[in-house]
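Each chain, written out:
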Amino acid sequence: MGNKQVKQHFETAKKTGVLKISLLRLDEFPSALKTFPNVLKTLDISENRFTVLPEDIAKFTLLKHLNASGNKIATVPECIGVLVKLETLNMMNNLLTSVPRSLASCTHLKQVILSNNQITAFPVVFCELKQLDLLDLSRNKITEVPPEVKSLQVTELNLNQNQITIVAEEIADCGKLKTLRLEENCLQIAAIHPRILIESKVCNLCVDGNLFNSKQFTEVQGYDAYMERYTAVRKKIS
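Residues numbered from 1 in each chain as written. Predicted model: local features only at pLDDT ≥ 70, side-chain atom pairs only at ≥ 80, totals over all residues. Heavy atoms only, no water.

Looking at an unreviewed UniProt entry, one finds the chain named Leucine-rich repeat-containing protein 57, with Anopheles melas as its source organism.

1. Some words on the packing of aromatic side chains
Counted under the stated rule, the structure contains eight aromatic pairs. The interplanar angle of 65° and the centroid separation of 5.6 Å between the aromatic rings of Phe-10 and Phe-36 together place this pair among those described as edge-to-face. Here the residue Phe-10 occupies a position in helix 1 (residues 3-16), and Phe-36 occupies one in the loop between helix 2 (32-35) and strand 2 (42-44), the gap between them amounting to 26 residues. As far as the burial class goes, Phe-10 and Phe-36 line up, both buried. Ring geometry for Phe-217 versus Tyr-226: centroids 6.2 Å apart, planes at 50°, classification tilted. Taken as a pair, Phe-217 and Tyr-226 share a single burial class, namely buried. Clustering of aromatic rings is evident, with ring pairs tying together Phe-212, Phe-217, Tyr-223, Tyr-226 and Tyr-230. (Phe/Tyr/Trp six-rings, centres within 6.5 Å; stacked < 30°, edge-to-face > 60°. Helix = DSSP H or I, 4+ residues; strand = E, 2+ residues; numbered from the N terminus. Buried < 20%, exposed > 50% of the residue type's maximum accessible area, 1.4 Å probe, protein only.)

2. What to know about the sheet that holds strand 3 (residues 65-67)
Across the sheet, which stays open at both edges, the nine strands sit in the order 1-2-3-4-5-6-8-10-11 with parallel pairing between neighbours. Because the sheet does not close on itself, it has two edges, and the strands there are strand 1 (18-20) and strand 11 (204-206). On average, each strand axis in the sheet is inclined to that of its neighbour by 5°, with strand direction left out of account. (Pairing = 2+ DSSP bridges. Axes fitted to C-alpha atoms, helices over the stretch in contact; angles between N-to-C directions.)

3. Here we look at empty space enclosed by the protein
Here the structure, examined in full by the defined rule, presents one cavity of 30 Å³ or more. Empty space within the largest cavity amounts to approximately 40 Å³. Forming the boundary of the largest cavity are Phe-29, Leu-33, Leu-43, Pro-54, Asp-56, Ile-57 and Phe-60. Grouping the constituent residues of the lining of the largest cavity by class yields six nonpolar, no polar and one charged. (1 Å grid on protein atoms, 1.4 Å probe; cavity = no way out; pocket = protein on both sides within 12 Å on 5 of 7 lines; lining within 4 Å. Points joined across faces, edges and corners; volume = space filled by probe spheres on them. Nonpolar A, V, L, I, M, F, W, Y, C, P; charged D, E, K, R; others polar.)

4. Remarks on the pattern of salt bridges
Where side chains of opposite charge bring their charged atoms close, a pairing between them can arise. Considering all chains together, one arrives at nine salt bridges under this definition. A salt bridge links Arg-181 to Glu-156; the nearest nitrogen and oxygen atoms lie 2.8 Å apart. Of this pair, Arg-181 sits in strand 10 (residues 179-181) while Glu-156 is found in strand 8 (residues 156-158), placing the two residues 25 residues apart along the sequence. Exposure remark for Arg-181: the relative accessible area of 23% places this residue in the partly exposed category. The network of salt bridges with shared partners includes Glu-169, Asp-173, Arg-195 and Glu-199. (Salt bridge = Lys/Arg side-chain N within 4 Å of Asp/Glu carboxyl O.)

Set out below in structure tokens:
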């Protein structure tokens, strides 16, 4: 795509507040972003070759949707915390090993998608976000779900395809959690605490591809209580 077309994207964005510069093989941010007015509500820089999110992004304080998926970004700058209106953050298919503490300031976040990165520790910063509804951490290198997870407000938590061996029983205290995805991890059957089955609101617990079989799962204390919730939800859907 030529410079003329890129320029046209910027001209349109000044009117719409939506800037989409994906699939352009960019490895540096266009210089026009430095002087761009603070009007952006949606920024899509997906499927490029960026290795960092620039500090310049902090000036777009009206931003609600940021899509930086499909790049080679290894770190997110602390300044992302000034984007307090942010509602969706998609940074799947990057090289992130962690996320900044400052994300706790993005109190309007509803969806965070960090699938297919290099994250090794569960980012407990997300436990502070009261409006967060979906957290996707699938295909990372997380080994443990810590007790802090009890404060999560999400209805869906996706931890498929990690290296998890421990799930804190406190996950049963998540007041809104309905769907918990733990497929293809390193869980022994003992890691499925009965509290999760008996006391939680989880009605869709996905655990295939771990170090136990479905028969062992059905024998865990509280399985019947879980199946009652599961069946009740299925009846509502049908």
